[in-house]
Amino acid sequence: MNKTFLTLGLAIIVSLSAGCASSGNRQAADAGRSIEEISKQYRQGSDLVASGEKVKQDADRQIEAATAKRAEGQSMVQRGESLMAESEEAFRMKAKSGKIR
């Protein structure tokens, strides 16, 4: 059991060290970029967010329409099943009374 905790602790330390090392490299890379490059990247991110929001809104509208259509279909199924049940009962009653033509 102690080996497991030791291994887990070691894995956490290694992954945290790797994260710190990679963030240091990123900071060095960011320092070498121009303001224009950083601004361009920010605009790209902003454009992606705006596009993503539009896509999500379109998907939400489609989901709402599909949900309404599904509810309409379910209503039709229920009404059809009711009609079929009424017809079956009417056939049974006719058969019992012996008046089937």
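Residues numbered from 1 in each chain as written. Predicted model: local features only at pLDDT ≥ 70, side-chain atom pairs only at ≥ 80, totals over all residues. Heavy atoms only, no water.

(A) The overall build of the chain, seen in detail. Scanning the chain from N- to C-terminus turns up 2 helices and 0 strands. For the chain, the residues scored as buried account for 0% of the 101 residues in total. Total accessible area computed for the chain in this model is approximately 9,300 Å², and 61% of it derives from carbon and sulfur atoms. (Helix = DSSP H or I, 4+ residues; strand = E, 2+ residues; numbered from the N terminus. Buried < 20%, exposed > 50% of the residue type's maximum accessible area, 1.4 Å probe, protein only. Areas by Shrake-Rupley, 256 points an atom, 1.4 Å probe, with all protein chains shown as cover.)

(B) How the structure looks around the pattern of salt bridges. Inspection of every chain in the model, using the stated rule, returns 4 salt bridges. With its nearest N and O atoms 2.7 Å apart, the salt bridge here joins Asp58 to Arg61. Here Arg61 and Asp58 lie together in helix H2 (residues 35–97), a separation of 3 residues that amounts to about one turn. By relative accessible area, Asp58 is classed as partly exposed at 40%. Of the charged contacts in the structure, one is a salt bridge between Arg92 and Glu88, with a shortest N-O distance of 3.8 Å. A residue pair is termed a helical-turn pair when its members lie 3 or 4 positions apart in one helix, as Arg92 and Glu88 do in helix H2 at 4 residues. On the basis of relative accessible area, Arg92 is assigned to the partly exposed category, the value being 44%. Here the salt bridges do not stand alone but share partners, grouping Glu88, Glu89 and Arg92 into one network. (Salt bridge = Lys/Arg side-chain N within 4 Å of Asp/Glu carboxyl O.)

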